[in-house]
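If you want the building blocks of each chain, they are given just below.
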Amino acid sequence: MGSSLFNLLILGILDLSHHSRGRMLSRASAAHALSATLNIALTAIAAMSILIGTRAAQTFVGLGMGSWALLITYVLGVRMVYYDHRLSAKVAETSQEVLIPAGRIRLIRAGMGFALAALVIVVASPHLARSAAKIADETGLGGAFVGTTLVALCTSLPELVVSLTALRLGAFDMAVGNVCSRPRFL
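Residues numbered from 1 in each chain as written. Predicted model: local features only at pLDDT ≥ 70, side-chain atom pairs only at ≥ 80, totals over all residues. Heavy atoms only, no water.

## Quick word on the overall build of the chain
Okay, so step 1: In terms of regular secondary structure, the chain is built from 7 helices and 2 strands.
Okay, so step 2: Scored against the burial criterion, the 186 residues of the chain give a buried share of 19%.
Okay, so step 3: Counting only carbon and sulfur atoms, one obtains 69% of the accessible surface of the chain, whose full area is about 13,400 Å². (Helix = DSSP H or I, 4+ residues; strand = E, 2+ residues; numbered from the N terminus. Buried < 20%, exposed > 50% of the residue type's maximum accessible area, 1.4 Å probe, protein only. Areas by Shrake-Rupley, 256 points an atom, 1.4 Å probe, with all protein chains shown as cover.)

If you want it as structure tokens, here you go:
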């Protein structure tokens, strides 16, 4: 939850710090509205699940109802974003817009890169959690505070770097899409 809020903070700061005639977010594509709505819905479902807690302790296949609601909403939402993207591509084709072809990367290379990144996350995550717990114990700040601020900040740093780079390149859609289109609940 903390990282999602940091991502919103990143967008707000980038928007306020970018000097142009309009605001960065006002020039971003309206297609991001669907991704943002999906993120808002997932955040609301996660918050409701946390607030309801053990009152809704019914499980199905080892997952609580909140987890099922998140999973179903995520899958349906991603499907809607996919169809919206396909529709936008068809509209762009019929309007004779000049589209820059995307670079091709082999599936094996992309899969290996993904697997390597996933391995780094699997190896580094326990160290981050232990470090956060140690910081919370030694400083007396409390686990909840350290988890929702410091750990959330650490996990949002890649989005900050990518968004700053995209802003410098003038790729406003990339800056917005980088932060908005990555739900962190599953």
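## Regarding the confidence of the model for the chain
Okay, so step 1: Per-residue pLDDT for the chain has a mean of 75; in total, 74% of the residues score no lower than 70.
Okay, so step 2: Summarising per-element confidence for the chain, the mean pLDDT is lowest in helix α2 (residues 24-27) (46) and highest in helix α5 (residues 107-139) (87).
Okay, so step 3: Note on residues 23-28: pLDDT under 50 across the span, and 18 contacts to partners over four residues away in sequence or across chains. (pLDDT = per-residue confidence, 0-100. Contact = heavy atoms within 4.5 Å.)

## With respect to the packing of aromatic side chains
Okay, so step 1: Scanning all chains against the criterion turns up 1 aromatic pair.
Okay, so step 2: Look at Tyr82 and Tyr83: their rings are 5.6 Å apart centre to centre, the planes differ by 55°, and that puts the pair in the tilted class.
Okay, so step 3: Among the residues examined, Tyr83 registers a relative accessible area of 44% and is labelled partly exposed. (Phe/Tyr/Trp six-rings, centres within 6.5 Å; stacked < 30°, edge-to-face > 60°.)

## Overview of a nonpolar patch on the surface
Okay, so step 1: On the surface, Leu116, Leu119, Val120 and Val123 cluster together into a nonpolar patch covering about 380 Å² of accessible area.
Okay, so step 2: Checked against the element boundaries, Leu116 lands in helix α5.
Okay, so step 3: The exposure class assigned to Leu116 is exposed, which follows from its relative accessible area of 55%. (Patch = residues over 30% accessible without salt bridge, like charges linked within 9 Å, V, L, I, M, F, W, Y side chains within 5 Å. Salt bridge = Lys/Arg side-chain N within 4 Å of Asp/Glu carboxyl O.)

## Some words on the environment of Asp84
Okay, so step 1: Residue position: Asp84 is located in helix α4 (residues 65-94).
Okay, so step 2: Put simply, Asp84 and Leu34 are 50 residues apart on the chain and 8.4 Å apart in space, counted from C-alpha to C-alpha.

## A look at the environment of Thr37
Okay, so step 1: By the secondary structure assignment, Thr37 is in helix α3 (residues 32-52).
Okay, so step 2: Put simply, Thr37 and Gly77 are 40 residues apart on the chain and 9.1 Å apart in space, counted from C-alpha to C-alpha.

## With respect to helix α6 (residues 143-169)
Okay, so step 1: The end-to-end C-alpha distance of α6 is 38 Å, a good match for the 39 Å that 27 residues give at a rise of 1.5 Å each.
Okay, so step 2: Approximately 40° is the largest bend angle found in α6, and it occurs at Ser156, with the proline Pro158 only one to four residues beyond.
Okay, so step 3: Restricting attention to buried positions, one finds in α6 the residues Val146, Ala152, Ser156, Glu159, Ser163, Ala166 and Leu167.
Okay, so step 4: Directly beyond the C-terminal end of α6, a positive phi value near 80° is found at Gly170. (Expected span 1.5 Å × (residues − 1). Bend = angle between axes of the 7 residues up to and from the residue.)

## Some points on α5
Okay, so step 1: Spanning 33 residues, α5 covers 46 Å between terminal C-alpha atoms, matching the ideal 48 Å at 1.5 Å per step.
Okay, so step 2: In the segment just after α5, Gly140 is the residue with positive phi, at about 75°.

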